[in-house]
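Single-letter residue listing:
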Amino acid sequence: MHRRRRDSARALTRPLASLLIAAALLAAACGSSGPTASPSVQPPSPTPTASIGPTGSPAADASAIYAAIEEQVIAIRGLTPKAAVDPQILDDAGIRKLTAESFAKDNPKELIDANERLLKALGLLSGDVSLNDLYIDLLGSQVAGLYSPDDKKLYVVSRSGAIGAAEKSAFSHEFTHALQDQTFDLNGLKFDEIGQSDRSFGRLALVEGDATLAMSNWQLKHLTSAEIGAMIAGAGNDESTKALLAMPAILRESLLFPYLQGLTFVQGFQMSGGWPAVDALYADPPASTEQILHPDKYRAGEGPLPVSLPKDLAASLGEGWKLGLEDAFGEFQMGVWLRSNTTLGGGVANDAAAGWGGDRVAVLSGPNGAWGVVLRTAWDTDADAQAFEAAAAPLVDGLAAPASLLPGAGGRERWVVIGSDEATLGRLAGVLGLAG
């Protein structure tokens, strides 16, 4: 058992070219198809894009350009459209307005506040930042395009006023989303189901990995080597890339995960069974980020272990306490947290996270500014639980608020309990039966 107290005073391989292109230009978003109620408040999922400057075709030629790309993507992806898609071109101000409004609509203040409390309690955000402001800045700088399964609208951003390689690539990605939606019904994947964010994040990785692979294939076939080279060369100096790199790791990595890890996941199936193998994934979509990170677990049908928290947790703490958030943290976000312990090394942190079996996390608020965070984790083996404890213990020791890392039932369970003060921490541990 590791307990922290304070004084009362205080993988699969992929072609290099495809990887480089995808990393340099991960074209845009799924709009409202992204999960919006997760421990890290998943936004409409934009992606960073590298600009090649004010070159390319004028916007007046958009209809003909996009019509040609539609036929090319259909030929690559092998899905038949069922309805026409009318892309709308937005400038920088337009996409910032659209993403800000969409984020505000899908993420009420109470949800943002609970997520901010969680990330700050775990040390993933500093105490002086606003999660809402960070997301608005992130979305405004990163979106290259957007498709909304709710209203079937497709947007492509042209910050220069021209339609160059970046804008064409973004459209190829977003049009793939339209084909997915018309064929598989993206809303049927239930991205917004309450309490199922890790599952939603895994399913989003399927959708974005599919579109990123289709986009990468389109780029290799229909962009010139000069256009590809310009995008790759410009990625490091692009303002959107600089803005992304300045973000906290939890936001930056959460933004990239569905595209990069999703690409790896989807490409493994496409390489072995062609696009029909990718199509089959929609009939049995991933159940967790663990299955995205470990495709063998998806193939074996290894889903998350059932983990629950007491239903009366808030009431048990006393009058004035309420539950602000209950959800699954998941292997992906667990890995981000463990990697924040820089003394471990990324490989050790990843190995510790890889033993994840399941979890539930809750954020509670009480009278006079009191708050608590409870994270109950289950691990595949006793050894996996011990590896997690060894990796997490220094992080728990270094948290700003009083916190404890405690064993649970059997040898495969560990709890992380954090309180606004020592009294709250003790009360939480007592209610959970962990005190002593």
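Residues numbered from 1 in each chain as written. Predicted model: local features only at pLDDT ≥ 70, side-chain atom pairs only at ≥ 80, totals over all residues. Heavy atoms only, no water.

Colleague: Got a minute to help me understand the overall build of the protein in this structure?
Modeller: Counting its regular elements, the protein contains 17 helices and 11 strands. Accessible surface computed for the protein: about 16,800 Å², of which carbon and sulfur atoms make up 53%. (Helix = DSSP H or I, 4+ residues; strand = E, 2+ residues; numbered from the N terminus. Areas by Shrake-Rupley, 256 points an atom, 1.4 Å probe, with all protein chains shown as cover.)

Colleague: Teacher, can you tell me more about the nonpolar core here?
Modeller: The nonpolar side chains of a soluble globular protein tend to be buried with one another. Formed by 96 residues in total, the largest nonpolar core has its most connected members in M334, W337, L338, F388 and I418. For this core, the element with the highest residue contribution is helix α10 (residues 249-281), accounting for 12 residues. Once you skip the residues sitting within four places of it in the chain, M334 turns out to touch F329, A353, W356, D359, L375, T377, W379 and F388. Among the nonpolar cores identified, the runner-up in size contains 17 residues, and W415, L428, A429 and L432 belong to it. (Core = buried A, V, L, I, M, F, W, Y, C linked by side-chain atoms within 4.5 Å. Buried < 20%, exposed > 50% of the residue type's maximum accessible area, 1.4 Å probe, protein only. Contact = heavy atoms within 4.5 Å.)

Colleague: What's the story with unusual backbone geometry in this structure? I'm lost.
Modeller: A negative phi holds for most residues other than glycine; trans holds for most peptide bonds. In this model, K152 sits at a positive phi of 65 degrees, which is unusual for a non-glycine residue. K152 sits in the partly exposed class, given a relative accessible area of 43%. Phi at K190 is positive, roughly 55 degrees, even though this residue is not glycine. Within the secondary structure, K190 is located in the loop between α6 (165-184) and α7 (197-222). Under the relative-accessibility criterion, K190 is labelled partly exposed at 47%.

Colleague: Teacher, can you tell me more about the pairing of strand β5 (residues 153-157) here?
Modeller: Buried residues dominate β5, accounting for four of its five residues. Strand direction decides the pairing type here: strand β3 (residues 88-90) and β5, joined by three bridges, are parallel. Counterpart to I89 in the pairing with β5 is V156. In this sheet, β5 lies alongside strand β4 (residues 145-148) in antiparallel orientation, the contact comprising four bridges. (Pairing = 2+ DSSP bridges.)

Colleague: Any chance you could explain the pattern of salt bridges here in plain terms?
Modeller: If charged atoms from side chains of opposite charge come close, those side chains can pair. For the structure on display, the rule yields 16 salt bridges. A salt bridge links E253 to R339, with the shortest nitrogen-to-oxygen separation between them at 2.6 Å. With E253 in helix α10 and R339 in helix α14 (residues 330-339), this residue pair connects regions lying 86 residues apart in the sequence. What makes R339 partly exposed here is its relative accessible area of 27%. Three or more residues are tied together by salt bridges with common partners; here these are E290, K297, E302 and D380. (Salt bridge = Lys/Arg side-chain N within 4 Å of Asp/Glu carboxyl O.)

Colleague: Hey, could you run me through the packing of aromatic side chains in this one?
Modeller: Aromatic ring pairs are described here by two measures, namely the spacing of the ring centres and the angle between the planes. Under the definition given, this model contains 11 aromatic pairs. Ring centres of W379 and F388 lie 4.5 Å apart, and the angle between their planes is 25 degrees; on these two criteria the pair is classed as stacked. An identical accessibility class is assigned to W379 and F388; each is buried. By the ring-pair criterion, three or more aromatic residues cluster together here, those being Y66, F171 and F175. Taking the ring centre of F269 as reference, the NZ or CZ of R299 above it sits at 4.2 Å. (Phe/Tyr/Trp six-rings, centres within 6.5 Å; stacked < 30°, edge-to-face > 60°. Lys NZ or Arg CZ within 6 Å of the ring centre and 35° of its normal.)

Colleague: Please clarify how the confidence of the model for the protein should be interpreted in this entry.
Modeller: Close reading of the predicted structure is inappropriate where its pLDDT is low. The share of residues in the protein with pLDDT of 70 or more is 85%, and the mean pLDDT across the chain is 85. Taken as a whole, residues 1-57 scores under 50 in pLDDT and shows 217 contacts with residues more than four places along the chain or in a different chain. (pLDDT = per-residue confidence, 0-100.)

Colleague: What is the right way to look at helix α2 (residues 62-77) in this model?
Modeller: It helps to recall that an α-helix has 3.6 residues per turn; residues three or four apart then point in one direction. Here α2 spans 22 Å end to end across 16 residues, near enough to the 22 Å set by a 1.5 Å rise per residue. Taken together, the buried positions of α2 are occupied by A62, I65, Y66, I69, E70, V73, I74, I76 and R77. Projected down its long axis, α2 carries its buried residues within an arc of 165 degrees, all on one side. α2 presents A64, E71 and A75 as exposed residues on the side facing more than 90 degrees away from its buried surface. (Expected span 1.5 Å × (residues − 1). Arc of directions from axis to C-beta.)

Colleague: Just to check I follow, could you spell out the sheet that holds β4 for this structure?
Modeller: Pairing between sheet strands relies on hydrogen bonds along the backbone, with the strands arranged either parallel or antiparallel. In spatial order, the strands read β3-β5-β4; together these three strands make up an open sheet with mixed pairing. For this open sheet the edge positions go to β3 and β4, each flanked by a neighbour on one side alone. Each strand of the sheet is rotated relative to its neighbour by a mean of 20 degrees, with strand direction disregarded. Across the sheet, α6 touches β4 and β5, and the angle it forms with β5 is around 165 degrees. (Axes fitted to C-alpha atoms, helices over the stretch in contact; angles between N-to-C directions.)

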